[in-house]
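Residues per chain, in single letters:
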Amino acid sequence: MKELIFIFLVLISAFLGYLLQLLTMSGTIAAIVVGVLINLGFGWKGLLLLGFFFTSSSLLSKYKKKQKQQIEARHEKGSTRDWQQVVANGGLPALFSVLFIIFPSPLFFIAFTITIASANSDTWASEIGSLSKRRPLSIKHFKQVEPGTSGAMSFLGTFAAIMGSFSIAIIAMLSYSLSFSTLFIIFVFGFLGNILDTLLGAFIQVTYRCPSCEMVVESKWHCNRKTVYMSGNTIVNNDLVNLSSCALASILGVLFFVTVAGG
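What you see is a predicted model, and the numbers here were worked out from it, not measured in a lab.

Examining helix H4 (residues 83-102)
Next up, step 1: A bend of about 50 degrees at Gly 90 is the largest found in H4, and the proline Pro 93 appears one to four places after it.
Next up, step 2: Listed in full, the buried residues belonging to H4 are Gln 85, Val 86, Ala 88, Asn 89, Gly 90, Leu 92, Pro 93, Ala 94, Phe 96 and Ser 97.
Next up, step 3: Close packing links the buried residues of H4 with helix H2 (25-62), helix H5 (106-129) and helix H8 (238-259).
Next up, step 4: Sitting at the amino-terminal end of H4 is Asp 82, which places a side-chain oxygen 3.2 Å from the backbone nitrogen of Gln 84.

Comments concerning the sheet that holds strand E4 (residues 216-217)
Next up, step 1: Taken in spatial order, the three strands line up as E4-E3-E7 in an open sheet, and their pairing is antiparallel. Two strands close off the open sheet at either side, each with one partner strand: E4 and strand E7 (228-231).

Structural notes on the environment of Ser 13
Next up, step 1: With respect to the helices and strands, Ser 13 occurs in helix H1 (residues 2-19).
Next up, step 2: Residue classification places Ser 13 among the partly exposed positions, given a relative accessible area of 45%.
Next up, step 3: Between the C-alpha atom of Ser 13 and that of Ala 160, which follows or precedes it by 147 residues, the distance is 26 Å.

Quick notes on the packing of aromatic side chains
Next up, step 1: Enumeration according to the criterion identifies eight aromatic pairs in this entry.
Next up, step 2: Relative to Phe 112, the ring of Phe 42 has its centre 4.3 Å away and its plane inclined at 25 degrees; by these criteria the two rings are stacked. Here Phe 112 lies in helix H5 and Phe 42 lies in helix H2, a separation of 70 residues in the sequence.
Next up, step 3: For Phe 42, a relative accessible area of 8% gives the class buried.
Next up, step 4: In this arrangement the basic side chain of Lys 45 is found over the ring face of Tyr 176, its NZ or CZ atom lying 5.3 Å from the centre.

Parameters at a glance
- Residues numbered from 1 in each chain as written.
- Predicted model: local features only at pLDDT ≥ 70, side-chain atom pairs only at ≥ 80, totals over all residues.
- Heavy atoms only, no water.
- Bend = angle between axes of the 7 residues up to and from the residue.
- Helix = DSSP H or I, 4+ residues; strand = E, 2+ residues; numbered from the N terminus.
- Buried < 20%, exposed > 50% of the residue type's maximum accessible area, 1.4 Å probe, protein only.
- Contact = heavy atoms within 4.5 Å.
- Polar contact = N/O pair within 3.5 Å; in protein donor to acceptor, adjacent residues only side chain to side chain.
- Pairing = 2+ DSSP bridges.
- Phe/Tyr/Trp six-rings, centres within 6.5 Å; stacked < 30°, edge-to-face > 60°.
- Lys NZ or Arg CZ within 6 Å of the ring centre and 35° of its normal.

This is the structure we're talking about:
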């Protein structure tokens, strides 16, 4: 009976996300699938972690939205998440939830929490870091670049990334009565996911230049004109970078848990 109640809450939350323009229709369907799978594997505590990530990231994306309009113009997609964006951040947690159902190992729980911590860390870094008064530094060229540029870091964004990962680790520890060593692993590798995301964004993610406004963007079209390829792999967009960084962080975290922490 409890599972049915939580599934109903997932449906309501996804529908509200659609009404508030936080999700597209495809994103709503994807969010329902992700939520149901996580509920089946990790119950309401797993949904709490997912819900905190989705709610906090959605609120941050709306915070000072007018100030971020120029930054959003660089990105391939806006703040309203489609199914690809939902899968990029929620697909792995859903997968680890299914694997936990089949093979109830704590390793899948560790991987689950790290992926959410990584996604939250990266989102907080992007949404809060973009409000920095100082221009971020590209880790590829070690030069200041425009806010919103992939592969760039700022002090404010890095601090936000640390807090984003730490918040998920704290909620997981309180919900599941985890040890401090487990909290440490979730926190560190969640933050590492943000670092990996930055590296992949700098060296692998595709970038284009708009021939009209000369802006460096992530989309093939800008100002109603086809953009010019600049660098990166054309199949690697921001969604794939997010998915890859979360996957790498969770794999490294699990390996550390097994070999060093003795999990």
